[in-house]
Structures are given as C-alpha cells and as structure tokens.
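Read off the chains here:
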Amino acid sequence: MSLKDLVGKTVSITTKGSTVETQLRMLLKQEGLAVTNDETGVQIIARSPSDTLTAFRQNEVDAALIPEHWGSLIVQEGYAKILVNWDEIPQITEICRLQS
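Note that the structure is predicted; figures quoted are calculated from it, not measured.

A short note on the side chain of Ser12
Reasoning step 1: Inspection of the secondary structure puts Ser12 in strand E1 (residues 10-13).
Reasoning step 2: The class for Ser12 is buried, based on a relative accessible area of 1%.
Reasoning step 3: At 2.8 Å, the side chain of Ser12 forms a polar contact with the side chain of Thr52.
Reasoning step 4: Sequence-distant contacts of Ser12, that is, excluding residues within four places in its chain, are made with Ile45, Arg47, Thr52, Val61, Ala63, Ala64 and Leu65.

Considerations on the pairing of E1
The two faces of the sheet receive side chains in turn, since in a regular strand these alternate between them.
Reasoning step 1: Residues of E1 alternate between two faces, with Thr10 and Ser12 on one and Val11 and Ile13 on the opposite face, all of them buried.
Reasoning step 2: In this structure, E1 lies alongside strand E2 (residues 43-46), joined through four bridges in parallel fashion. Bridge pairing in E2 places Thr10 opposite Gln43.
Reasoning step 3: With two bridges joining them, E1 and strand E3 (residues 63-64) adopt parallel strand pairing. The residue bridging Ser12 from the neighbouring strand is Ala64, located in E3.

About the thresholds
Residues numbered from 1 in each chain as written. Predicted model: local features only at pLDDT ≥ 70, side-chain atom pairs only at ≥ 80, totals over all residues. Heavy atoms only, no water. Helix = DSSP H or I, 4+ residues; strand = E, 2+ residues; numbered from the N terminus. Buried < 20%, exposed > 50% of the residue type's maximum accessible area, 1.4 Å probe, protein only. Polar contact = N/O pair within 3.5 Å; in protein donor to acceptor, adjacent residues only side chain to side chain. Contact = heavy atoms within 4.5 Å. Pairing = 2+ DSSP bridges.

Rendered as structure tokens:
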C-alpha cells in the first residue's frame, strides 16, 4: 500500500488547522493527491487519539497521522500498517524577523 491508495479514503488527525494537518496536506500534495470532501481525493477529519482508535475498530477511518503510543497500538491491533515514517513527513520551518 502507498499514499496513492488513500484516494477515496478518510484520514484522521488530532486537530484541524494544526501543524500536523499542514504537514499531511504537504505530504499528499507531494504525491499529487488532493484533499476533498468526497471520494475523488483524500478526506481529513479531526478526532482525539482515543476516538481515532475507536474509529479504526468500527471501520470508520482508513488512516491516521497520530502521535505515539496510539499509532503503535493501532498497528499492533492489526487495523493499520505504517505508510510513512514521521521522519519522512515534510517539516515546517518558519523564520520570523521582528520589524523595528
């Protein structure tokens, strides 16, 4: 399975508008994937880590960008496999300069 297999799928993150969402969007864009609200692209939803685990158990989400230990727990329970290691996700670096 690759990131391209996420088309038509739902990915859970912990918080909308977060750095994690931005990183996920950047990663999807690098792969030529669009974020949409329908099956033509990848859908992103926000759920707490414990709610994401429950959603995997109930087959309501297909993937997640989630902090540890939750990611390992989801993999150990057999609901998912690691598609991308955290070190491979584009990092956001912003340099700010104060104007005087």
